[in-house]
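Structure at a glance
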Amino acid sequence: MGDVLALVEARLRTALGEPDARAAVTFLGTDRIEVLRFTSAADDENGAVVRYATLGMSAAPMADPTSALADPLKGPRAELVLTVRAGRADTDKVLRPLAVLAATPQVEGVVVAPGASLDVGEPLWPGAPFTSVLVTASGGLVEDLELDDPLDPVRFLPLLPMTQNEAAWKRVHGAAALEEKWLNSGTDLRDPLRRPVSLD
């Protein structure tokens, strides 16, 4: 599936520019996951942003945990994209947690889809108030990558960091309700040091 990953990297470069750093992580019993870092110029009044994208999660389709036999070709494929404001925290330490999240389908046999919560059980980077992320819908920043039949397209799923309270609230009320809370509060979801939203 090297061809798939070459196409995925090409799509990331087209959408985000040239990566200025990359790191590879291999976990026992899993394929290698790379994380690419893209630093962009200021795209709004709040300054430059850094985007981290996984490369390797889409090499194989995610298998439905209820199916007895995993199809080696068909099934959803995805990579993860995290965007944070540059220079406010040591966010480069997110590389390993991101690789852990990207390995989740291989390790735990789950399908990562919009609305899902993923938790690494530790701060995403030093001093971060977040240990988990909300997976959101693809198609915005990086367009889905169509592959030849019978392969499903690769979707680039944005991640939004959540505090523990936000994650707990989301489990009760759902992803859409949490996103609405963030929107109504004017929450800067790219701020790596942001305060939790009021959940009253």
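Look up a bit, the structure's there.
Cut-offs and rules
- Residues numbered from 1 in each chain as written.
- Predicted model: local features only at pLDDT ≥ 70, side-chain atom pairs only at ≥ 80, totals over all residues.
- Heavy atoms only, no water.
- Helix = DSSP H or I, 4+ residues; strand = E, 2+ residues; numbered from the N terminus.
- Rg over C-alpha atoms; globule rule 2.2 N^0.38 Å.
- Buried < 20%, exposed > 50% of the residue type's maximum accessible area, 1.4 Å probe, protein only.
- Contact = heavy atoms within 4.5 Å.
- Areas by Shrake-Rupley, 256 points an atom, 1.4 Å probe, with all protein chains shown as cover.
- Salt bridge = Lys/Arg side-chain N within 4 Å of Asp/Glu carboxyl O.
- Pairing = 2+ DSSP bridges.
- Axes fitted to C-alpha atoms, helices over the stretch in contact; angles between N-to-C directions.

Here we come to the overall build of the chain. Assigned secondary structure in the chain consists of 5 helices and 7 strands. Taken from the N to the C terminus, the helices and strands of the chain come in the order α-β-β-β-β-α-α-β-β-β-α-α. Rg of the C-alpha trace for the chain: 16 Å, near the compact-globule value of 16 Å for 200 residues, within the 12% margin. In terms of its C-alpha atoms, the chain occupies a principal-axis envelope of roughly 45 × 40 × 30 Å. Per-residue burial over the chain gives 44% buried out of 200 residues. By sequence separation, contacts in the chain at least 24 residues apart represent 58% of the contacts at least 6 residues apart. Total accessible area computed for the chain in this model is approximately 9,900 Å², and 52% of it derives from carbon and sulfur atoms.

In this model, Asp 149 is joined to Pro 150 through a cis peptide bond whose omega is 5°. Along the chain, the position of Pro 150 falls in the loop between β6 (132–135) and β7 (154–162).

Looking now at the pattern of salt bridges. Here the structure, examined in full by the defined rule, presents 13 salt bridges. Across the salt bridge formed by Asp 20 and Arg 37, the nearest N and O atoms sit 2.8 Å from each other. Here Arg 37 lies in strand β2 (residues 33–40) and Asp 20 lies in the loop between α1 (2–16) and β1 (21–25), a separation of 17 residues in the sequence. Residue Asp 20 is classed as partly exposed on the basis of its relative accessible area, which comes to 40%. Salt-bridge contacts for Glu 34 lead to Arg 32; the nearest nitrogen and oxygen are separated by 3.6 Å. The network of salt bridges with shared partners includes Glu 9, Arg 13, Glu 18, Arg 22, Arg 32 and Glu 34.

Taken in spatial order, the 7 strands line up as β1-β2-β3-β4-β7-β6-β5 in an open sheet, and their pairing is mixed. Here the strands that pair on one side only, and so sit at the sheet edges, are β1 and β5 (117–119). Neighbour to neighbour, the strand axes of the sheet diverge by 30° on average, direction disregarded. Note that β2 and strand β3 (residues 49–55) share 7 bridges and pair antiparallel. Among the inter-strand pairings, Val 35 is bridged to a residue of β3, identified as Thr 54.

Keep in mind that these numbers describe shape and distance, not what the molecule does.
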